[in-house]
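These are the residues of each chain, in order.
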Amino acid sequence: VRARIGRLTRLSGHADQPAIVRWLGGFERPPARVFLTHGEADAADGLAAALRATLPGDIAVPNYGDTVEL
């Protein structure tokens, strides 16, 4: 496995929607897939909609027990 270990600093576990959208949009190459697995369903759906409007990748809000092949 070719992997690189890095440390992310200056991240908050409590970022709001604009901060998350800005952070994910700031990558040179945005992630191909994003999984939103935390928070209330309505809030996760709202964040997913905001991300879909700004990112080209697949934005998913999985249900409890869903599995995904990576």
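The structure displayed is predicted, hence computed values, not measured ones.

Here we look at the overall build of the chain
Here is step 1: Looking only at helices and strands, one finds two helices and two strands in the chain.
Here is step 2: In the chain, the order of α-helices and β-strands from amino to carboxyl end is α-β-α-β.
Here is step 3: Considered along the principal axes of its C-alpha atoms, the chain spans approximately 35 × 30 × 25 Å.
Here is step 4: For the chain, with 70 residues in total, the buried portion stands at 17%.
Here is step 5: Across the chain, contacts joining residues at least 24 apart in sequence account for 61% of those joining residues at least 6 apart.
Here is step 6: Only carbon and sulfur atoms are counted for the fraction: they give 51% of the accessible area of the chain, which is about 6300 Å².
Here is step 7: Distance between charge centres in the chain, computed from 8 positive and 8 negative side chains, equals 15 Å.

Side note on the environment of Leu 8
Here is step 1: You can see Leu 8 is positioned in the segment before α1 (17-25).
Here is step 2: Judged by relative accessible area, which is 65%, Leu 8 ranks as exposed.
Here is step 3: Spatially, the C-alpha atom of Leu 8 lies 22 Å from that of Gly 39, the residues being 31 residues apart in sequence.

Structural notes on the packing of α1 against helix α2 (residues 41-54)
Here is step 1: In contact at an axis separation of 10 Å, α1 and α2 are set at 35 degrees when each is read in the N-to-C sense. Regarding α1 and α2, the two cross each other, and that crossing is right-handed. Residue-level contacts link Gln 17, Ile 20, Val 21 and Leu 24 of α1 to Gly 46, Leu 47, Ala 50, Leu 51 and Thr 54 of α2.

Quick look at the nonpolar core
Here is step 1: Residues Val 21, Leu 24, Val 34, Leu 36, Leu 47, Ala 48, Ala 50, Leu 51, Leu 55 and Ile 59 constitute the largest nonpolar core, which totals 10 residues.
Here is step 2: Those elements that provide at least two residues to this core are α1 and α2.
Here is step 3: The element contributing the most residues to this core is α2, with four residues.

Brief notes about the confidence of the model for the chain
Here is step 1: Averaged over every residue, the pLDDT of the chain is 89; the share at 70 or more is 94%.
Here is step 2: Within the chain, α1 has the poorest average pLDDT of any element, 91, and strand β2 (residues 58-60) the best, 96.

Section: the packing of aromatic side chains
Here is step 1: This structure, assessed with the given rule, holds one aromatic pair.
Here is step 2: Geometrically, the ring pair formed by Trp 23 and Phe 27 is edge-to-face, given 5.1 Å between the ring centres and 70 degrees between the ring planes.
Here is step 3: Exposure remark for Trp 23: the relative accessible area of 39% places this residue in the partly exposed category.

What counts and what doesn't
Residue numbering note: each chain is counted from 1, following its sequence as written. Selection of residues for local features in this predicted model requires a pLDDT of at least 70, selection of side-chain atom pairs for listing and counting requires 80 or more, and totals for whole chains, interfaces and linings are taken over all residues. With hydrogens and water set aside, each side-chain value is computed from the structure's full complement of heavy atoms. Secondary structure elements follow DSSP: runs of H or I of four or more residues count as helices, runs of E of two or more count as strands, with numbering from the N terminus. Relative accessibility thresholds used throughout: buried, under 20% of the residue-type maximum; exposed, over 50%; partly exposed, between the two (1.4 Å probe, protein chains only). By the convention used here, residues are in contact when the closest approach between their heavy atoms is within 4.5 Å. Per-residue and other accessible areas were derived by the Shrake-Rupley procedure at a 1.4 Å probe size, with only the shown protein chains allowed to occlude residues. All tallies of charge rest on Lys and Arg as positive and Asp and Glu as negative; His and the ends of each chain are not included. Where a charge sits is defined by one atom per residue type, namely NZ (Lys), CZ (Arg), CG (Asp) or CD (Glu). Fitted lines through C-alpha atoms serve as axes, helices being fitted only where they are in contact, and the angles separating the N-to-C directions of these axes extend from 0 to 180 degrees. Crossing handedness is read from the near helix: turned anticlockwise from the far helix by less than a right angle, it gives a left-handed crossing, and turned clockwise, a right-handed one. Throughout this description, the term nonpolar core refers to a set of buried Ala, Val, Leu, Ile, Met, Phe, Trp, Tyr and Cys residues connected via side-chain atoms within 4.5 Å. pLDDT expresses how confident the predictor is about each individual residue, on a scale running from 0 to 100. Only Phe, Tyr and Trp rings are paired, with Trp represented by its six-membered ring, and only when their centres lie within 6.5 Å; those with planes under 30 degrees apart are stacked, over 60 edge-to-face, the remainder tilted.

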